[in-house]
Amino acid sequence: MVYGPTVLFALGEGAVLPVIPVIAADLGADVAVAALVASALVVGQLCGNIPAGWAVARIGERLTMVIAGVVALAGVVGMALAPSLGLFAVAVFLIGFCAAAFGLARHSFMTTRVPLAFRARALSLLGGTFRLGMFIGPFVAAGLLSLFGDEHATIWFFGGCLVATVLLVLLGPDPERQFVGPPSTRESPVNYTEDTGEPVTGSIPLAANDRGGAGAGVFRTMWRHRRVLSRLGLAAASLSAVRSARQVVLPLWGVSIGLDGQTIALVVGISGAIDFALFYASGQVMDRFGRLWAALPAMLLMGVGFIALSFTHDGDQAAMWFAMFAAVLGVGNGLSSGILLTLGADVAPRADPAAFLGSWRTLTDAGGAVAPLLVSGITALASLAVATGIMGVVGLVGALAFVRWVPRFVPPAR
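Keep in mind it's a predicted model, so treat the numbers as computed, not measured.

(A) Representation of the overall build of the chain in the model. Scanning the chain from terminus to terminus reveals 18 helices and 2 strands. Within the chain, buried positions represent 51% of all 414 residues. Considering only contacts in the chain between residues 6 or more positions apart, those separated by 24 or more positions represent 83%.

See the structure below:
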């Protein structure tokens, strides 16, 4: 009941993602417009985080997920039956909007109910459920396309996953009532009584820590916690940007050095497999040694990996270097699994964190949404190698930001 709805939603979303540009092209879009339609999913998720935080704070995780599932079903029907490209893009945006509600509902649930001693492992497992869906979903889509020969089959598969998700949430036991907040959440490792941004060294009672909660409203919560959002939140956004850039740069790099589609898919698939295999290791490291021990190696690996890759484009062994650094980026991304979820939970108000998490996830999703645009713009102005090197610099700057702000806002738990 805790992980099942997220797995089902991610599986359906992962299956439908590869066919969105294909269906957009069938409706008359060129390559650029098809890419824009596909990005509507990310834009929808970005726009949905703050409303999802408001909904979770007011009506609870369970009801929010049910409503989001029903609305996403309407989006699936719209995708399958859309007579025009505009309506298809709106349906894709709507599904992304609802995806934010599923992600935030479980993030909020884990924040308030998982003991601090194994919070990172639980949230890394939650992050792993998204990776599982995105890893298996394309293979499901390939099987459906082989069986039915129609891209719309994957859309109806997503609809089936949504129906199963809504039924599971409605008919299964309610985790919100089964699992009360653990005693360890009665104290918070972060002092946000006034959120002065000064170093934090101790814990405070729950009553003092709730002042920025959802009852204060989403935008008031953003303002009250503006210092942590503008510091640690921007560091988290840089990690999200580097992750997103990896998904864009690797296929483009393969095309740029003249590899065929099958080879590119194989290299990217191996990188994704390494990423998926390491998702639980990140939680183990964070729980045992601290958040920085996972965040810093992940950012350094991806930053150095991008910078090193940027110097190999015109070399004699460009394909070999591409495969090697794709694996390095996969390791770095795998080690970062659950970090953004865990840091958001660490710095959120304890009693009702949904409003804060909506702001936190908006920042991180914005980093992921901006990165592809940045890569595209720099490539148009200079070259793909320059864009790749700049994303590596973003990774190294983000690593320095984590070193500066994680010890200040997320001290070791007592």
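(B) Local environment of a nonpolar patch on the surface. Together, Ile59, Leu63, Ile67 and Val71 give the surface a local cluster of nonpolar side chains, amounting to about 300 Å² of exposed area. Looking at the nonpolar patch, the element that brings in the most residues is helix α4 (residues 61-81), giving 3 residues. Following the sequence through the fold, Ile59 ends up in helix α3 (residues 31-59).

(C) Summary view of the environment of Arg246. You can see Arg246 is positioned in helix α11 (residues 226-256). Between the C-alpha atoms of Arg246 and Asn333, which are 87 residues apart in sequence, the distance is 8.8 Å. Once residues lying within four places of it in the same chain are set aside, the contact partners of Arg246 are Pro251, Ser271, Gly272, Asp275, Phe306, Leu329, Gly330 and Asn333.

(D) Region of interest: the packing of aromatic side chains. Across all of its chains, the model carries 8 aromatic pairs by this definition. Between Phe9 and Phe102 the ring centres are 4.5 Å apart and the planes differ by 25°, which places this aromatic pair in the stacked class. With Phe9 in helix α1 (residues 4-16) and Phe102 in helix α5 (residues 85-113), this pair connects stretches of sequence that are 93 residues apart. One exposure class covers both Phe9 and Phe102, and it is buried. Ring centres of Phe93 and Phe97 lie 6.3 Å apart, and the angle between their planes is 40°; on these two criteria the pair is classed as tilted. Separated by 4 residues within a single helix, Phe93 and Phe97 lie in helix α5, roughly one turn from each other. We classify Phe93 as partly exposed; its relative accessible area is 30%.

(E) Looking closely at the pattern of salt bridges. Under the criterion given, the structure shown has 5 salt bridges. Here Arg119 ties to Asp346 by a salt bridge, and the two come within 2.7 Å at their closest N and O atoms. Separated by 227 residues along the polypeptide, Arg119 in helix α6 (residues 119-148) and Asp346 in helix α16 (residues 339-347) bring together distant segments of the chain. The exposure class of Asp346 is buried, given its relative accessible area of 1%. When the shortest N-O distance is used, the salt bridge between Arg121 and Asp287 registers 2.7 Å.

(F) Spotlight on the packing of α11 against helix α15 (residues 318-335). Close contact between α11 and α15 brings their axes to 11 Å; oriented N to C, the two are set at 165°. By the criterion of interaxial angle, the relationship of α11 to α15 is roughly antiparallel. In terms of crossing hand, the pair formed by α11 and α15 is left-handed. Residues Arg243, Arg246, Leu250, Trp253 and Gly254 of α11 lie in contact with α15, whose contacting residues are Phe322, Ala326, Leu329, Gly330 and Asn333. Each residue belonging to the contact of α11 with α15 can be placed in one class, and the counts come to 5 nonpolar, 3 polar and 2 charged.

(G) Quick look at α4. For α4, spanning 21 residues, the distance from its first C-alpha to its last is 30 Å, which sits close to the expected 30 Å at 1.5 Å a residue. For α4, the full list of buried residues reads Glu61, Thr64, Met65, Val66, Ala68, Gly69, Ala72, Gly75, Val76, Met79 and Ala80.

(H) Quick peek at the side chain of Ser240. Examined against the element boundaries, Ser240 turns out to sit in helix α11. Here the side chain of Ser240 touches Gly368 through a polar contact of 3.3 Å, landing on its backbone nitrogen. Ignoring any residue separated from it by four or fewer positions in sequence, one finds Ser240 in contact with Leu340, Thr364, Asp365, Gly367 and Gly368.

(I) Spatial organisation of helix α18 (residues 384-409). Look at α18: 36 Å from first C-alpha to last across 26 residues, which is about the 38 Å you get at 1.5 Å a residue. Of all the bends in α18, the largest measures some 25° and sits at Phe402.

(J) Region of interest: the nonpolar core. Of all hydrophobic cores here, the largest spans 84 residues; its most connected members are Met79, Phe88, Leu232, Val347, Phe356, Trp360 and Phe402. Broken down by element, this core gets its largest block of residues, 12 residues, from α11. In this structure, Phe356 is in contact with Thr221, His225, Val228, Leu229, Gly344, Val347, Ala348 and Pro349, ignoring residues within four places of it in sequence. In this structure, Val114, Ala122, Leu123 and Leu341 belong to the second largest nonpolar core, which totals 9 residues.

(K) Region of the structure containing the confidence of the model for the chain. On average, the chain scores 80 in pLDDT, and the residues at 70 or more come to 86%. Here residues 181-216 is modelled with pLDDT under 50, and outside its nearest four sequence neighbours on either side it reaches 88 contacts, counting other chains as well.

(L) Spatial organisation of the environment of Thr364. If you trace the backbone, Thr364 turns up in helix α17 (residues 354-381). Along the chain, Thr364 and Ala236 lie 128 residues apart, while their C-alpha atoms are 6.0 Å from each other. Dropping the residues within four chain positions of it, Thr364 is found in contact with Ala236, Ala237, Ser240 and Leu340.

Conventions adopted
Residues numbered from 1 in each chain as written. Predicted model: local features only at pLDDT ≥ 70, side-chain atom pairs only at ≥ 80, totals over all residues. Heavy atoms only, no water. Helix = DSSP H or I, 4+ residues; strand = E, 2+ residues; numbered from the N terminus. Buried < 20%, exposed > 50% of the residue type's maximum accessible area, 1.4 Å probe, protein only. Contact = heavy atoms within 4.5 Å. Patch = residues over 30% accessible without salt bridge, like charges linked within 9 Å, V, L, I, M, F, W, Y side chains within 5 Å. Areas by Shrake-Rupley, 256 points an atom, 1.4 Å probe, with all protein chains shown as cover. Salt bridge = Lys/Arg side-chain N within 4 Å of Asp/Glu carboxyl O. Phe/Tyr/Trp six-rings, centres within 6.5 Å; stacked < 30°, edge-to-face > 60°. Axes fitted to C-alpha atoms, helices over the stretch in contact; angles between N-to-C directions. Parallel < 35°, antiparallel > 145°, perpendicular 65-115°, else oblique. Left-handed = near helix turned anticlockwise from the far one by under 90°. Nonpolar A, V, L, I, M, F, W, Y, C, P; charged D, E, K, R; others polar. Expected span 1.5 Å × (residues − 1). Polar contact = N/O pair within 3.5 Å; in protein donor to acceptor, adjacent residues only side chain to side chain. Bend = angle between axes of the 7 residues up to and from the residue. Core = buried A, V, L, I, M, F, W, Y, C linked by side-chain atoms within 4.5 Å. pLDDT = per-residue confidence, 0-100.

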